[in-house]
Amino acid sequence: MKLSKRLKAICDLIPKNSNVVDVGADHAFLDIYLNKYKNCNCLAIDKSKYCTNTAINNAQKFNAHIKAVTNDGLNNIKLNDEIIVISGMGTKNIQKILNFDIKNDLILSSHTNIEDLKQFLKEKHYYIDKELIISDGKTYNIIYAKKGGAS
Ligand SMILES: C[S@@+](CC[C@H](N)C(=O)[O-])C[C@H]1O[C@@H](n2cnc3c(N)ncnc32)[C@H](O)[C@@H]1O
């Protein structure tokens, strides 16, 4: 399957066999790719039931094994060691979704106010392990952030 340059860049940051929670998954192409080509265990979350149904149909079409649920952000989602991906939404929404005692690795691609997002991460005691700028028609910023001090 062919992913956009932006989604492929996110997938390239994720190690094989990872557990992934993708918030705002929409079509779930990222999760399908990660399951099929990197053997990841993926939970695709979207607040829209229509998107969840599309994700389930896409997974069947591509013969991928992912879970897809309709949910508002990470509310009531039990987290362990998953990498959390949030891409394709604005900083305010990302902040709302992560507004709890978060510890997981984060991959974030906001289309607004990147500096506010970086400030938010600092306040949450995260450091930026990697930052990519991807040109794909528009320019996209992708941040891999980890809890704690930079190593
Ligand atoms: C533009 S799409 C991005 C799709 C994909 N992540 C990407 O990067 O191409 C944004 C998606 O986020 C979902 N979304 C927005 N706020 C959300 C929330 N609080 N919880 C779950 N999904 C949310 C929307 O329903 C929409 O499907």
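Structural data are supplied above this passage.
With that settled, the discussion passes to the pairing of strand β4 (residues 83–89). Most of β4 is tucked away: five of the seven residues are buried. In this sheet, strand β5 (residues 106–110) lies alongside β4 in parallel orientation, the contact comprising five bridges. By the bridge assignment, I86 is partnered in β5 with L108. For the crossover that starts at β4, traverses helix α4 (residues 91–97) and ends in the parallel β5, the hand is right-handed.

A few words on the pairing of strand β7 (residues 138–147). Note that β5 and β7 share three bridges and pair antiparallel. Across the sheet, the residue bridging to L106 is A145, located in β7. As defined by bridge partners, strand β6 (residues 126–136) adjoins β7 across ten bridges and the pair is classed as antiparallel. Residue pairing across strands places I134 opposite Y140, the latter belonging to β7.

Across the sheet, seven strands lie side by side as β3-β2-β1-β4-β5-β7-β6; this open sheet has mixed pairing. Here the strands that pair on one side only, and so sit at the sheet edges, are β3 (67–70) and β6. For this sheet the average axis-to-axis angle between neighbouring strands, irrespective of direction, equals 15 degrees. Two strands pair when backbone bridges link them, and strand β2 (residues 41–46) and β3 are joined in this way by four bridges, in the parallel orientation. Paired with L43 across the strands is K67, a residue of β3.

About the criteria used
Residues numbered from 1 in each chain as written. Predicted model: local features only at pLDDT ≥ 70, side-chain atom pairs only at ≥ 80, totals over all residues. Buried ≥ 20, exposed ≤ 12 C-beta atoms within 10 Å, placed from the backbone. Helix = DSSP H or I, 4+ residues; strand = E, 2+ residues; numbered from the N terminus. Pairing = 2+ DSSP bridges. Right-handed = clockwise from strand over helix to strand, strands pointing away. Axes fitted to C-alpha atoms, helices over the stretch in contact; angles between N-to-C directions.

The values are spatial; any link to function lies outside them.
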